[in-house]
Amino acid sequence: MYIKDSESAARPRSTQHSPAEFVQYRSQQEAFRFLREVLASEQGVGLLHGPELSGKSTLARRFIQELPKNLAVAAVDGARLRTPDFLAEVLAQFGYEVALESSDELLSMLSVFLVQQARAHQPPVLILENIHSMYPSALCALCKLAALTIHRRYTLRIILISNRPIRQILASPGLRTIAERLLGDFQLGPLTAKETLVYLYAKAEAFGVERPDNLFSVDTCDKLHLASGGLPGELDNIAMSAIARAAESSTQLEKIDSQAIHQALSAGDETVETVLKSLQDLPKLLITRNGKTLQEIELDASKSLVGRSSLSDVFIDDEFISKHHAMFVRANGALHILDLNSRNGTYVNSQRVKTRVLRHEDIISLGNHRIKVIDNNSRGRVERVSFDMADTAAMKNIADMRRQHEREGLQHTALMAAGQRLD
């Protein structure tokens, strides 16, 4: 075990969002006030909930940025985490790297840290997403942490995040301590039609669009508000797609039907020809270790999971790579990489990233391996548009991919068994 330097151990995680990209609206501002009240209270537990793509993860990341830099903060996605993994992840984000596997040892070590911080009048903060998908044993460990006190004061502040209200879950006798500490819950609401217009214009201006009204008319904003339900995650996807099209000044193939493509080609439309040609030139990954090329992979799927798990699309056997480490996403005409809260991080050109638009000949570092990006479509591209997949949506995509791979594995096993019986 070793402890990181005290400054980096207490510093909240950085994000890839610049202030210009973060647009506040009424419900979000009210949520900020609620979270501040939770941390300032003696009870120190609050629940933030709302549907998927309602901006909970973005709000949590922004809230972390506003906390004092010397405050220990852990932001963990608890969905389907086993108790040892949950406790080890919390410890890792508090600055401890451990090689313990016993839940009791991890819990004991974490308790010591919490007491030390509370004695210094700096009780750490745990922001826990997807509490509704946590295993009962992990919830039990959380309850033990929530019950820990010193001088009759709780040693840990807890923000719970869920896609729905969880009062029924908290009514369980095993979670009584958390329920008793709960100051209240806040439901993150959607944007109004007026806020949607301001939101889309601010997003466009943040990415260099001089006339957002040319991109999003008032009538268009009203329609987008109805279509998205006012959910910021949905609006982000729409805005990023529109801005990408404007930035690249090219037609998106997904918006053209086959008949339109045929007619355009017959008329000698070079723009469509260029789009078709670029789609044939798929991005490639050159995976190396110690200068030796191990794999060359062509990314033909819209999403490709990278990790140490045999279910990964890009399998890399490295002890410093997480089972589900990162995800490559082809979207908006570009290749993106999304770190999946990996233990040792994802680095692009020696810089740790959460998400990044990748360009030709970028070098990705995962554990002891290096991945060189070969993407001729991105030559000379200026990184105008970022890609942000909300954590909850990312974990949902991972779960879907896991299930798909598991189904394919079972089908393969069944076919092999059937073939052996025929033999």
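Per chain, residues are indexed from 1 in the order of the written sequence. Only residues with pLDDT of at least 70 are given local features in this predicted model, and only at 80 or more are side-chain atom pairs given and counted; all residues enter the totals for whole chains, interfaces and linings. Excluding hydrogens and water, the side-chain figures rest on all heavy atoms present in the structure.

So what exactly am I meant to see when it comes to the overall build of the protein here?
Only DSSP runs of H or I reaching four residues or more are called helices, and only runs of E reaching two or more are called strands; each is numbered from the N terminus. A tally of regular secondary structure across the protein gives 15 helices and 20 strands. Here, residues are in contact when the closest pair of their heavy atoms is within 4.5 Å. By sequence separation, contacts in the protein at least 24 residues apart represent 63% of the contacts at least 6 residues apart. Put simply, the protein shows about 21500 Å² of open surface, and 49% of that area lies on carbon and sulfur atoms. Residue burial considers only the protein chains on display, and all accessible areas are found by Shrake-Rupley using a 1.4 Å probe.

Could you clarify how one ought to interpret the pairing of strand 11 (residues 292-298) in this entry?
Here is the key point about a regular strand: its side chains alternate between the two faces of the sheet. Strand pairing is defined by DSSP finding a minimum of two bridges between the two strands. Across six bridges, the pairing between strand 10 (residues 284-289) and strand 11 is antiparallel. Pairing of threonine 288 across the sheet is with threonine 293, part of strand 11. The antiparallel pairing of strand 10 with strand 11 creates a hairpin that spans two residues between the two strands, and asparagine 290 there sits at a positive phi of about 55°.

Explain the pattern of salt bridges here, please?
Side chains that differ in sign of charge can pair as their charged atoms come close. For this analysis, a salt bridge means a side-chain nitrogen from Lys or Arg found within 4 Å of a carboxyl oxygen belonging to Asp or Glu. Counted according to the given criterion, the structure contains seven salt bridges. Among the salt bridges present, the one from aspartate 219 reaches lysine 223, with a minimum N-O distance of 3.4 Å. Of the two residues, aspartate 219 and lysine 223 are both situated in helix 11 (residues 218-228); the distance of four residues between them amounts to about one turn of the helix. Note on exposure labels: buried denotes an accessible area under 20% of the residue type's maximum, exposed denotes more than 50%, and partly exposed covers the range between, all computed with a 1.4 Å probe on protein chains only. The exposure class of lysine 223 is exposed, given its relative accessible area of 54%.

Honestly, the sheet that holds strand 9 (residues 182-187) in this entry has me stumped. Any pointers?
Paired through backbone hydrogen bonds, the strands of a sheet run either parallel or antiparallel to each other. Spatial strand order, 3-5-8-2-9: five strands in an open sheet with parallel pairing. Pairing within the sheet leaves two strands with one partner each, and these edge strands are strand 3 (73-77) and strand 9. Taking the axes of each pair of neighbouring strands and ignoring which way they run, one obtains an average angle of 15° across the sheet. Across five bridges, the pairing between strand 3 and strand 5 (residues 125-129) is parallel. In the sheet register, aspartate 77 faces strand 5, and the bridge partner there is glutamate 129. The strands touched by helix 2 (residues 26-40) within the sheet are strand 2 (45-49), strand 5, strand 8 (157-162) and strand 9, with strand 9 carrying the most contacts at an inclination of about 170°. Lines are fitted to the C-alpha atoms to define the axes, a helix being fitted only along its stretch in contact, and any angle between axes, read from their N-to-C directions, falls within 0 to 180 degrees.

Just to check I follow, could you spell out the confidence of the model for the protein for this structure?
The pLDDT value tells you how sure the predictor is about a given residue, anywhere from 0 up to 100. Per-residue pLDDT for the protein averages 79, and the proportion of residues at 70 or more is 74%. Low pLDDT, under 50, characterises residues 249-280; the predicted model gives this stretch 20 contacts beyond four residues in sequence or across chains. Segment residues 417-423 is flagged for pLDDT under 50; beyond a separation of four residues in sequence, or across chains, it makes zero contacts in the model.

I tried to follow helix 3 (residues 56-66) on my own but got confused; where do I start?
Residue pairs three or four apart in sequence face the same way in an α-helix, which turns once every 3.6 residues. In terms of burial, helix 3 is a largely internal element, eight of the 11 residues being buried. Residues of helix 3 that are buried: Lys56, Ser57, Leu59, Ala60, Arg61, Arg62, Phe63 and Ile64.

I keep staring at the sheet that holds strand 11 and nothing clicks. Help me out?
With respect to topology, six strands assemble into an open sheet ordered 11-10-20-19-16-17, the strand pairing being antiparallel. The open sheet is flanked by strand 11 and strand 17 (351-353), the only strands paired with a single partner. The sheet shows a mean angle of 30° between the axes of neighbouring strands, taken without regard to direction. Sheet topology places strand 16 (residues 346-348) next to strand 19 (residues 363-366); two bridges connect them, and they run antiparallel. Bridged to valine 348 within strand 19 is isoleucine 364.

How should I be thinking about the state of the cysteines in this particular structure?
What we call a disulfide is simply a covalent bond connecting the sulfur atoms of a pair of cysteines. Cysteine sulfur pairs qualify as disulfides if the two atoms are within 2.5 Å. Inspection of every chain in the model, using the stated rule, returns zero disulfides. For cysteine 143, which is in no disulfide, the shortest distance to another cysteine sulfur is to cysteine 140 and amounts to 6.8 Å. The exposure class of cysteine 143 is buried, given its relative accessible area of 7%.

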